[in-house]
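A closer look at the structure
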Amino acid sequence: MAMSAREIEMAIRAALPGADVTITDLAGDGDHYAAMVVSSAFKGKTRVQQHKMVYDALSGRMGGALHALSLQTSVKD
Amino acid sequence: MTANPAHDRIAKDVAENDVLLFMKGTPVFPQCGFSAMTVQILSELGVKFKAVDVLKDPEIRSGIKEFSNWPTIPQLYVKGEFVGGCDIIKEMFEQGELEPFLKDKGIAVSE
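Residues numbered from 1 in each chain as written. Chains lettered and ligands numbered in written order. Predicted model: local features only at pLDDT ≥ 70, side-chain atom pairs only at ≥ 80, totals over all residues.

This paragraph deals with the interface of chain B and chain A. Chain B puts eight residues into the contact, and the matching count from chain A is nine residues. Elements supplying a minimum of two residues to the side of chain B that touches chain A: β4 (81-84) and α4 (86-94) of chain B. At three residues, α4 of chain B tops the list of elements feeding residues into the side of chain B that touches chain A. For the side of chain B that touches chain A, the class distribution of residues is three nonpolar, two polar and three charged. (Contact = placed C-beta atoms within 7 Å. Helix = DSSP H or I, 4+ residues; strand = E, 2+ residues; numbered from the N terminus. Nonpolar A, V, L, I, M, F, W, Y, C, P; charged D, E, K, R; others polar.)

In structure tokens, the structure reads:
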């Protein structure tokens, strides 16, 4: 089962309140997305930690229902 | 020793190889765009690395995700430290951080 862009966005927003989330459907097939996440919660975290926070928000679906999510994170001032 | 033999094999590989890439396919024939991208970046920097093809070994394929608590492949380890997946490596490369990072770790890169 693939995830819709809306589902991905909602899951990330729920875990990281106030985050700016931009989802792009890269291939138009509902299976390859890029996500840009800007959150104040990333402050002081390494890139690995920031990406893990987003993966955690997707609670296990990353690598499963969600095959390809290219992720970019940055700290919100 | 841990309860999972795959984890022991991974830990040994990580300890024995300064630059270790868990990927889908081989550096010459990558089976996934993200793996291909990561190989390309390492090659561009002239970094010698050992690659583990997780598609050849289902135990490693699932074990590595638990080992590093990271859900996707590829995964790059440098001197025993998990550095990131494709997105992070790409970002570090584009920001010019990857080469100094590797040098700091004592990894040879081509000038």
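The next thing to look at is the nonpolar core. Grouped together as the largest cluster of nonpolar side chains are 28 residues, with contacts concentrated most on Leu21, Phe22, Met23, Val54, Ile64 and Ile89 of chain B. At the level of secondary structure, the elements contributing two or more residues to this core comprise α1 (5-16), β1 (19-23), α2 (33-44), β2 (50-53), α3 (58-68), β3 (75-78), α4 and α5 (98-104) of chain B. Aside from chain neighbours lying at most four places away, what touches Val54 of chain B is Phe22, Met23, Lys24, Ile60, Arg61, Ile64 and Ile73 of chain B. Among the nonpolar cores identified, the runner-up in size contains 16 residues, and Ile8, Leu58, Met62 and Leu71 of chain A belong to it. (Core = buried A, V, L, I, M, F, W, Y, C linked by C-beta atoms within 7 Å. Buried ≥ 20, exposed ≤ 12 C-beta atoms within 10 Å, placed from the backbone.)

Turning next to unusual backbone geometry. Note: most residues except glycine have negative phi, and most peptide bonds are trans. Residues and elements named next belong to chain B. Following Ile73, the chain continues to Pro74 via a peptide bond in cis, the omega torsion being 15 degrees. Within the fold, Pro74 resides in the loop between α3 and β3. A positive phi is found at Asn69, a non-glycine position, where the angle reads about 55 degrees. Position of Asn69 among the secondary structure elements: in the loop between α3 and β3. One non-glycine residue, Lys79, lies in positive phi territory at about 50 degrees. Mapping Lys79 onto the fold places it in the loop between β3 and β4. The exposure class assigned to Lys79 is partly exposed, which follows from the 16 C-beta atoms found within 10 Å.

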